[in-house]
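Chain residues, written in single-letter form:
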Amino acid sequence: MQSFIKEKRLNICEFFISHQGEGRLIGELMYFIRFGGCNLSCSWCDTNYAKHDFKEIVIFDIIKKIKEDGWDKGRWICITGGEPLMQKDTGFLIEELVKEGYKIIIETNGSYPIESLNKKIMISMDIKCPSSGEEKKNLLSNISLLKEKDQLKFVIDSEEDYIYAVDIIKKYKPRCLCIFQPQLGNNNPKDFKWLFDRCKKDLLDVRVILQQHKIVFGDVRCV
Ligand code: SF4
């Protein structure tokens, strides 16, 4: 076993098993590793606790815990945050989990380079729209690196967000699935009827997908 697995540490907020609540893999039961820390401050962030509630864990112990929790190889592990790519050693964990035979999806806010990530994994990358207050942090050069099996997600909270997202899609022509995710927060899903109507009127080739877990469980932590 490489020594770095016993030496390198990652800031981890929580581990939990849950159904994926958003994106193209919605409904799939996954093992979630939520990383601690984030470089952004999105106005509607629903995981603020991950920015300060975490502890250092060595990679060896992370993998050991996944196995002890009975999560078999071949199943999905979702690496999320916070922002997982803020930590320079995240790639080491991903390499080990891929070697172990897990299917990996990483959820990133799109402000860090994704080029060095293992090509076997699925990337779920955000583009931050104006309502987040963080649209200046988007690393737009990442878009051309997304593979067909990846996904590009825009959280939409306003007409301004919609126009911004459509402009990005037209300009950068991502080859992966584009997803418009209504910003549920305190809003009612029915408040976003306009978004479905607008995509239909504009014949937009995107999927509009709500966060299933918020509809079923509300805005609560999964652990
Ligand atoms: S990138 Fe994610 S974790 Fe970070 S502030 Fe935005 S919503 Fe919250």
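Predicted, not measured: the structure shown is a model, and the values here were computed from it.

On to the overall build of the protein. Along the protein, the regular secondary structure elements total six helices and nine strands. Across the protein, every contact between residues at least 6 apart in sequence was considered, and the portion connecting residues at least 24 apart equals 73%. Element-wise, carbon and sulfur atoms account for 51% of the exposed surface of the protein, whose accessible area totals about 11,100 Å². Both charge centroids of the protein, one from 35 positive and one from 33 negative side chains, sit 3 Å from each other.

Membership of the largest hydrophobic core comes to 49 residues, with the highest contact counts inside it found for Ile-33, Ile-77, Leu-93, Leu-97, Phe-154 and Phe-180. The element best represented in this core is helix α4 (residues 159-172), accounting for six residues. Of all hydrophobic cores here, the second largest spans eight residues; its members include Phe-16, Met-30, Trp-76 and Met-122.

This brings us to the UniProt feature "binding site: S-adenosyl-L-methionine" (unreviewed entry) in the protein. Mapped onto this structure's residue numbering, the UniProt feature "binding site: S-adenosyl-L-methionine" (unreviewed entry) falls at Trp-44, Cys-45, Asp-46 and Gly-82. These annotated residues cover 39 residues of sequence, but their C-alpha atoms sit close together, with the largest distance between any two at 13.3 Å. Structurally, Cys-45 is set in the loop between β2 (29-35) and β3 (55-58). Judged by its relative accessible area of 22%, Cys-45 falls in the partly exposed class. Structurally, Asp-46 is set in the loop between β2 and β3.

Thresholds applied
- Residues numbered from 1 in each chain as written.
- Predicted model: local features only at pLDDT ≥ 70, side-chain atom pairs only at ≥ 80, totals over all residues.
- Heavy atoms only, no water.
- Helix = DSSP H or I, 4+ residues; strand = E, 2+ residues; numbered from the N terminus.
- Contact = heavy atoms within 4.5 Å.
- Areas by Shrake-Rupley, 256 points an atom, 1.4 Å probe, with all protein chains shown as cover.
- Lys, Arg positive; Asp, Glu negative; His and termini not counted.
- Charge placed at Lys NZ, Arg CZ, Asp CG, Glu CD.
- Core = buried A, V, L, I, M, F, W, Y, C linked by side-chain atoms within 4.5 Å.
- Buried < 20%, exposed > 50% of the residue type's maximum accessible area, 1.4 Å probe, protein only.
- UniProt positions renumbered as here; feature names shortened; annotations may be inferred.

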